[in-house]
Amino acid sequence: MNSIFIDCSLGISGDMLASALVDLGVPNSIFFDNLVSLHIEKKYDFKFNHGDSEGIKGIVCTKSEIQFKESSRSLNDIKNLLFDSSLNDYVKKKSIRVFEILAEAESIVHGNKVSDVHFHELGSMDSILDIVNVCSAIDFLKPYKIYFSKPPSGKGVVSTSHGTLPVPVPTVLEIARQNKISLTVLDDKYLGEITTPTGIALIATFVDKFGQPDNINIKKIGIGLGTRNISRPNFLRALLIDANDDYIDNNKPSYETIISQEAWIDDSTPEDIAILIERLRSSGAIDVISYSVDMKKNRKGICIKLMVHPKNQLLLREVWFNYSTTIGLRENKISRWILPRRTIRHKTTYGEVNIKQVMRPNGQISIKIEHKDLTKISLNTGIPIEEIRKKLIIELSGFNELYDCSF
C-alpha cells in the first residue's frame, strides 16, 4: 500500500496540488472527465503543462477564461451542482466536505449562518474545478494515508472581493484554528498569499497526520508549480511513499476520543441497508455494525451504529441524511484505548500479502493476515482459505520482530 506526503512548506493552492498529483501519475483524462461530469466541457478548459519556477521543473495548470458570467454561489448551490453531476460518490462527498469547511470558516469570519454564506472567488467554477480535481486525483491514487507538512502563513496584504485583507486572510486563519493546523512562518521576502483558503481546506479534509514520516521509501515525486512569479521557487511537491511508515516505537496503548453515530431504521429494504452500510464504510467510518431492534408499533427495524474520527463526523452525517431514510441521528463522543498497530506488506510463497502487526503491553507482537488477501489467493489457486492460512502462519512464524519489516 502507498501513502502520500505533501510537502507544502513553500505554500499550497488547489491548482498547485492538482498539478503535483498529475506529475505523480494521475492521467489527464481524470480531470477532463470532470468537465463532462460537471456539464461544462464546452465552456471551460485547462491544461497541465511542463514548466519551471526559478529553475525547478514541474507541472503547471493553465486555464482558459470562463465563457459565461460568474456569480456568487451559496453552499447549497455548490452542493446541488455537485449532487447533480455524474462524479462518483467519493469525489462528491470529499468536494462537499471541502466547501463545508470553507463555509464554516466564512460564517465565523462574517458573522453569518453557514446557510447564508455566499462564496465569491471561492464559488467560481475555477475554484470548484480545483477542488474536484484534487479529490478525483486522490480517489485515483487511493493512498493508505496522506501526510502534510505544516503550511506557511505568508505575509503582506491581498486584494479580495471584500477589499484589501491582511495575509493570512481571515478565512485561512479560521480554518487553521478550527482544525488545529499550525501555520509556519517562512523567512520570505515575498509579500502576498502563499497558503490559499482552498489549499488549507484541502489539507483539513485529507490530512491523516502532519509532518514527514520517520521512515520513507520514495517511489515517485510530483512537482506542482504555482502560476505567480514571486522571485523564488514557487512549488509544492507530492511524494508517493511506502505505507510502512507507522513505526511502532512503544507498547503503550494510546487514548483517543472518537464519535459514535447511530440511527434506527424501519422503512428501508435489506438491499438498501446493505448499500447504506457500504457507503458509510467507504466514506470514512472506522467500523459499522447493524442488528435488529423492536421499534414503536411493534415494527421490526435495524439499528446501524458506527464509529468515526471527528474530522470525518460531518461527512458521515451528510451520508446518513442524503442516502438513508432516517430523519434523525444520535451522536455521542466516546473514548477508547488502542494498541500500537500498523499494516505492512510481506512477500510469501503465494505473493505479497497485507499483514496487521499489533504490539501488546507485554512487548509481544501479534500478526494477522488480511482476509481479503486470503480470499484472493484462494480464488486464484483453488486452495481452501483455512489451508492457505495455516501454511502462511507457519511461514510467518518467525515474522514477529520489528526488524523483519521494511520501513
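Nothing here was measured: the structure is a model prediction, and the numbers come from that model. (Residues numbered from 1 in each chain as written. Predicted model: local features only at pLDDT ≥ 70, side-chain atom pairs only at ≥ 80, totals over all residues. Heavy atoms only, no water.)

**Topic: the overall build of the chain**
1) Next: What the chain contains, in helices and strands, is 11 helices and 18 strands.
2) Next: For a compact globule of 407 residues, the expected C-alpha radius of gyration is about 22 Å, and the chain comes in at 23 Å, within 12% of that figure.
3) Next: Here the C-alpha coordinates of the chain stretch approximately 65 × 60 × 40 Å along the principal axes.
4) Next: Per-residue burial for the chain yields a buried fraction of 47% across its 407 residues.
5) Next: Across the chain, every contact between residues at least 6 apart in sequence was considered, and the portion connecting residues at least 24 apart equals 71%. (Helix = DSSP H or I, 4+ residues; strand = E, 2+ residues; numbered from the N terminus. Rg over C-alpha atoms; globule rule 2.2 N^0.38 Å. Buried < 20%, exposed > 50% of the residue type's maximum accessible area, 1.4 Å probe, protein only. Contact = heavy atoms within 4.5 Å.)

**Re unusual backbone geometry**
Leaving glycine out, the prevailing phi sign among residues is negative, and the prevailing peptide bond configuration is trans.
1) Next: Geometrically, the link from V167 to P168 is a cis peptide bond, its omega value of 0° lying close to zero.
2) Next: Following the sequence through the fold, P168 ends up in the loop between strand 8 (163-166) and helix 6 (170-178).
3) Next: Of note in the backbone geometry, H39 takes a positive phi value of approximately 65° without being a glycine.
4) Next: Topologically, H39 is positioned in the loop between helix 2 (28-37) and strand 2 (46-53).

**Concerning the packing of helix 6 against helix 7 (residues 197-206)**
1) Next: One way to put it is that helix 6 packs onto helix 7 with a least axis distance of 9 Å and a crossing angle of 10°. In terms of orientation, helix 6 lies roughly parallel with respect to helix 7. Each of T171, V172, I175 and A176 in helix 6 lies in contact with helix 7, whose residues at this interface are P197, I200, A201 and A204. (Axes fitted to C-alpha atoms, helices over the stretch in contact; angles between N-to-C directions. Parallel < 35°, antiparallel > 145°, perpendicular 65-115°, else oblique.)

Limitation: the analysis is restricted to geometry and does not speak to function.
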